[in-house]
Amino acid sequence: MDVIQAIKERRSINFFEPGQYLPVQTLRDLLELAELAPSSMNLQPWRVIVVDDPQRKKTLRQCAFDQPKVEEASAVLIMVADPAALEENLDAVLGSWMQLGYMKPEAAETYKGLAGKLYSAADSLTRKLFAVKNTSLYAMNIMIAAKGFGLETHPMDGFDEDAIKQAFGIPEDKIIPMLIAVGYLKSGFTLLPRAFRKTFEDFVTFNHYT
Ligand SMILES: Cc1cc2nc3c(=O)[nH]c(=O)nc-3n(C[C@H](O)[C@H](O)[C@H](O)COP(=O)(O)O)c2cc1C
């Protein structure tokens, strides 16, 4: 499937075929491919918790306002944005840049200083936005790539974040921008036509906001 077709055909699927097994290898291929998403300074501030165990899906459904798709989908991905990824990953990123010749070793300290200034303190709003925007780009890549694997998805922000953190052992400083249900469309089910989209004129201007 080409990328234009994947974008046209991706829909948020409300009705998944329950009990459909999704091989771990397929999930692994999907999540690794989508991990080629861009990120600020290549810091990849995301983690993913794959919830595919039936009991754990039940628990997650309770945290997600009882949305049935959480239990019916083959797996649900808890997308975790990590504001601390700057401290955790910067050395690895800079090391790779030096090794590959993107950067001279003497520039490393300058980059570290720049990153600290740009993305601010670990508990700042700037840092939270950094984590969430990058994790959301990764999430979008997952949803597009899933079409190429013959899979359907559904992003969700209808959940109690604190309840999920508690039930799944996610540290307090992390953020959950969304869940993504992954699986197969329920057999015999036809999707309604895609709903309202803004027109080009509604949301695009050239060279100025208005
Ligand atoms: C971040 C995000 C959160 C969403 N949360 C929910 C949700 O909790 N429950 C739900 O039924 N749909 C949810 N949706 C799905 C949207 O309603 C859906 O994307 C939108 O209606 C457009 O439909 P389409 O994705 O089929 O084009 C969410 C979508 C996004 C991007």
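To keep things clear, this report deals only with the structure shown in the data block. (Residues numbered from 1 in each chain as written. Predicted model: local features only at pLDDT ≥ 70, side-chain atom pairs only at ≥ 80, totals over all residues. Heavy atoms only, no water.)

Let's talk about the pattern of salt bridges
Just so we agree on the cut-off: For salt bridges, the criterion is a side-chain nitrogen of Lys or Arg within 4 Å of an Asp or Glu carboxyl oxygen. Strands here mean DSSP runs of E at least two residues long; helices mean DSSP runs of H or I at least four residues long; both are numbered from the N terminus.
A complete count under the given rule lists 12 salt bridges for this structure. Residue Arg 127 is joined to Glu 87 by a salt bridge in which the shortest nitrogen-to-oxygen separation is 2.9 Å. You can see Arg 127 sitting in helix H7 (residues 125-148) and its partner Glu 87 sitting in helix H5 (residues 85-100), a full 40 residues away along the chain. Ionic pairing is found between Glu 161 and Lys 165, a salt bridge with its closest N-O pair at 3.8 Å. On the criterion of helical spacing, the pair formed by Glu 161 and Lys 165 is a turn pair, its members being four residues apart in helix H8 (residues 161-168). Through salt bridges with shared partners, a single ionic network connects Lys 58, Arg 61, Asp 66 and Glu 71.

A word on the packing of aromatic side chains
Operational definition: Side-chain rings of Phe, Tyr and Trp (the six-membered ring for Trp) are treated as a pair once their centres are within 6.5 Å; stacked means planes under 30 degrees apart, edge-to-face means over 60, and tilted covers the remaining angles. Summary of the burial criterion: residues with accessible area below 20% of their type's maximum are buried, those above 50% are exposed, and those between are partly exposed, where the area comes from a 1.4 Å probe applied to protein chains only. When the NZ atom of lysine or the CZ atom of arginine is within 6 Å of a ring's centre and also within 35 degrees of its normal, the charge is said to sit over that ring.
Taken as a whole and judged by the stated rule, the model has five aromatic pairs. A ring pair is formed by Trp 46 and Tyr 138, whose centres lie 4.7 Å apart and whose planes are at 25 degrees; its orientation type is stacked. Here Trp 46 is found in strand S1 (residues 46-51), whereas its partner Tyr 138 is found in helix H7, with 92 residues between them in sequence. For the pair Trp 46 and Tyr 138, one class covers both residues: buried. Geometrically, the ring pair formed by Trp 97 and Tyr 102 is stacked, given 6.4 Å between the ring centres and 10 degrees between the ring planes. For Tyr 102, a relative accessible area of 61% puts it in the exposed group. One aromatic cluster in this structure is built from Trp 97, Tyr 102 and Tyr 111. Lying over the aromatic face of Phe 168, Arg 56 brings its terminal NZ or CZ to 4.3 Å of the ring centre.

Examining the environment of Ala 131
The condition that has to hold: Contact criterion: two residues are considered in contact whenever any of their non-hydrogen atoms come within 4.5 Å of each other.
Structurally, Ala 131 is set in helix H7. By relative accessible area, which is 0% here, Ala 131 ends up buried. Separated by 50 residues in sequence, Ala 131 and Ala 81 have C-alpha atoms that sit 5.0 Å apart. What Ala 131 contacts, discounting residues up to four positions off in sequence, is Pro 45, Ala 81, Asp 82 and Pro 83.

Describing unusual backbone geometry
Phi at Met 41 is positive, roughly 50 degrees, even though this residue is not glycine. With respect to the helices and strands, Met 41 occurs in the loop between helix H2 (24-34) and S1. Residue Met 41 is classed as buried on the basis of its relative accessible area, which comes to 17%. Of note, Asn 42 is a non-glycine position whose phi angle comes to about 60 degrees, a positive value. By relative accessible area, Asn 42 is classed as partly exposed at 33%.

Digging into the pairing of strand S4 (residues 175-183)
This is how it is decided: Whether two strands pair comes down to DSSP finding at least two bridges between them.
For S4, a buried count of nine out of nine residues is recorded, marking the element as mostly surrounded by other parts of the structure. Note: strand S2 (residues 75-81) against S4, six bridges, orientation antiparallel. Opposite Ile 78, over in S4, you have Leu 179 as the bridge partner. Looking at chain direction, strand S3 (residues 152-156) and S4 are connected through five bridges and run antiparallel. Residue pairing in the sheet places Pro 155 in a bridge with Ile 180 of S4.

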